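Here is what each chain is made of, one letter per residue.
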2 protein chains.
Amino acid sequence: MQGVQGVCERDPQKTIAERLQQRFDELTRAERQLAGSLLENYPVSGLSSITAVAAQAGVSTPTVVRMVQKLGFRGFPEFQAELRRELGERISNPIDKHDTWAAKAPDQHILNRFTEAVIGNIRQTLAQVDTASFDAVADLLADTAHGVHVVGGRITRALADYLFLHMQVVRPGVSLIQSLANAWPHDLLNMAPGDVLVVFDVRRYENATLKLAEMARGQGARIVLFTDQWGSPVAAHADHVLSCRIAVPSAWDSNVVLMLLLETVLAAVQERTWAQTRERMERLESMFDKTRLFRKFT
Amino acid sequence: MQGVQGVCERDPQKTIAERLQQRFDELTRAERQLAGSLLENYPVSGLSSITAVAAQAGVSTPTVVRMVQKLGFRGFPEFQAELRRELGERISNPIDKHDTWAAKAPDQHILNRFTEAVIGNIRQTLAQVDTASFDAVADLLADTAHGVHVVGGRITRALADYLFLHMQVVRPGVSLIQSLANAWPHDLLNMAPGDVLVVFDVRRYENATLKLAEMARGQGARIVLFTDQWGSPVAAHADHVLSCRIAVPSAWDSNVVLMLLLETVLAAVQERTWAQTRERMERLESMFDKTRLFRKFT
DNA sequence: CCGGTGTTGAAGAAATTATTTCAGAACCGG
DNA sequence: CCGGTTCTGAAATAATTTCTTCAACACCGG
């Protein structure tokens, strides 16, 4: 990973295009021809090889070298690196001008860096999510003709738990397969053909989870997988895969996007089953009232 | 007279980004890693030399060659040329407005509505988060001089679990107080003055949680509260409160923002304790290696 | 636990790109 | 038209990049 080096000595403010225009009259005839060609379809025209750039402008390669050196670069590769850097800024900035999230904190505060990364993850995840798969998953989970089983791994256990909790409210026939337990065979016993197994599996992918998925599949279960963008080996056995971006500035991966997708699925399922769900929720509320576990207000 | 030749014959197919996403599951592990890196800040990341691209993605150059060939290119230069062509088109008509999140789905699809709401929640939460409190919380949790106890409610149990899991890796002296259990008095026994109790409490606020917080406070524990914007009654006893927006188009509230804040705190704590954390993580990894619970790759 | 299969990257060969050199072309003022 | 100066690109050279080979490795199924 080299490349983004030594950018400090020359005017970091002006773009290459600006510099070309500004110093246009210092250039020689062949160089002007080249500059014109570069500006013609800036900056893409400068991103191919020096050979192609020269040919495109109708000048020789030494002319190209001489001109970029006049602009203050050590050589063509350095010039091109700067061009790419500019392009990167130009591409990413117009899309999102929201630089800081916690306005009171500096840009470099972890709150802003982390949130920035997560928002990026959300963008990318949503951009490539397969809507048809999403809808299919919601349909599957809303269908009370079949049972739903949920399983997570070491890290994703919390998510599995969360899904289980809410699904229990939405509909009957939901079970949580305890992670780390050796009770899997028993859970498999209860898995009928057509049942849906929701699997959470992110790095590092767990052998036990894979095994369970395979066996469930063998029993005729349909498998829905929530995973990260690398794709867990369970994907090979899954009917539907929902994959998320999880990279953040931390020693771990982020499960925020997974949670977002999960909640969205829940919302979609709830929409589909609202008639039953409403009635179930009312009964649940009334039970809570009787137990006085919760405060009525505040 | 030169230059603008032979641009039309190449399949008017899909962009490279689309092809990468579409055929993602045909790719091998290293190739997926590469594809991810390429999409990360597309297409700029693909425009440097094959060496740099490979290094950036953390794979070898042969992997790059193999993948672009899988995509139907004769070699890397040809792939790059296509990337430049695409870029040229994209630059010339900069109608790159970002209205919806899942571009393939209609605006009114739950994916877009829900995500829109969550992003709004993130904005509002971050805008009003108290950075000083946040930093103080990170400091408290990073301080190994005192123990940390974590407790959640019916819904937030999953989050408490998640925090506990990661804090366990970061530092010693972390305990999870089982929700719904009647064992609280025992947990209180283990709570020394100066210890930190992290409480999760969102609507509907739980009486038992409040009780626990009060008693812990009475024993000299310091209390950190994660809650929603309405503020749980625990706030009155808490030293630091981190509150989140949680409204979404669903019958429930969203815990995505809570999760985001939680992970950010974890990242901040990890930054502060990196010296010990690193060593602990390495030991953990080595134990995992020995158990073969996880796959080495893929 | 053990070969078979597919994936991976180190290393080196081949191809291409970038730089330097230098002879001649173009210009310029006289 | 000429001597001096600057500019230019062909060609040689240097540096890099790209591609290929192959042994090591992980995973899989028995």
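For the structure, see preceding data.
The structure displayed is predicted, hence computed values, not measured ones.

A. Focus on unusual backbone geometry. Backbone torsion omega between A:Tyr42 and A:Pro43 reads -5°, so that peptide bond is classified as cis. In this fold, A:Pro43 is placed in the loop between helix 2 (29-40) and helix 3 (50-57).

B. Structural context of the pairing of strand 3 (residues 196-201) of chain A. Residue and element names in this part refer to chain A. Of all 6 residues in strand 3, 6 are buried; the element is thus mostly enclosed. Of the two faces of strand 3, the one holding Val196, Val198 and Phe200 and the one holding Leu197, Val199 and Asp201 are both buried throughout. Bridge count between strand 1 (residues 148-151) and strand 3: 4 bridges; the pairing is parallel. The partner of Val151 across the bridge, within strand 3, is Val199. The pairing of strand 3 with strand 4 (residues 222-228) spans 6 bridges and is parallel. Paired with Asp201 across the bridge in strand 4 is Thr227. In this fold, the crossover linking strand 3 to strand 4 by way of helix 10 (residues 207-218) has right-handed handedness.

C. Broad picture of the protein's contact with DNA strand C. Close to DNA strand C lie 18 residues, the nearest being A:Ile50, B:Thr28, B:Ala30, B:Ser60 and B:Thr63. For DNA strand C, the backbone makes up 68% of the atoms found within 4 Å of the protein, where backbone means sugar plus phosphate. The backbone of A:Phe76 places a nitrogen or oxygen atom 3.1 Å from a phosphate oxygen of DNA strand C. Interatomic distance of 3.2 Å between a side-chain N/O atom of B:Arg66 and a base nitrogen of DNA strand C. Elements with a contribution of two residues or more to the surface near DNA strand C: helix 3, helix 4 (61-70) and helix 5 (76-95) of chain A together with helix 2 (29-40) and helix 4 (61-70) of chain B. By residue number, the principal contributor to the surface near DNA strand C is helix 4 of chain A, which donates 4 residues. Grouping the constituent residues of the surface near DNA strand C by class yields 8 nonpolar, 8 polar and 2 charged.

D. The nonpolar core, seen in detail. One finds A:Val198, A:Phe226, B:Val198 and B:Phe226 to be the most contacted residues of the largest nonpolar core, which totals 106 residues. With residues up to four places along the chain from it excluded, the contact list for B:Val198 reads B:Leu141, B:Val148, B:His149, B:Val150, B:Val151, B:Leu163, B:Val224 and B:Phe226.

E. Spatial organisation of the sheet that holds strand 4 of chain A. Residue and element names in this part refer to chain A. One open sheet holds the 5 strands; their spatial order is 2-1-3-4-5, and the pairing between them is parallel. Sheet topology places strand 2 (174-177) and strand 5 (240-244) at the edges, where each strand pairs with a single neighbour. With direction set aside, neighbouring strand axes in the sheet form an average angle of 15°. Lying on the sheet, helix 7 (residues 131-142) is in contact with strand 1, strand 3, strand 4 and strand 5; it crosses strand 5 at an angle near 120°.

Rules used in this analysis
Residues numbered from 1 in each chain as written. Chains lettered and ligands numbered in written order. Predicted model: local features only at pLDDT ≥ 70, side-chain atom pairs only at ≥ 80, totals over all residues. Heavy atoms only, no water. Helix = DSSP H or I, 4+ residues; strand = E, 2+ residues; numbered from the N terminus. Buried < 20%, exposed > 50% of the residue type's maximum accessible area, 1.4 Å probe, protein only. Pairing = 2+ DSSP bridges. Right-handed = clockwise from strand over helix to strand, strands pointing away. Near = heavy atom within 4 Å. Polar contact = N/O pair within 3.5 Å; in protein donor to acceptor, adjacent residues only side chain to side chain. Nonpolar A, V, L, I, M, F, W, Y, C, P; charged D, E, K, R; others polar. Core = buried A, V, L, I, M, F, W, Y, C linked by side-chain atoms within 4.5 Å. Contact = heavy atoms within 4.5 Å. Axes fitted to C-alpha atoms, helices over the stretch in contact; angles between N-to-C directions.

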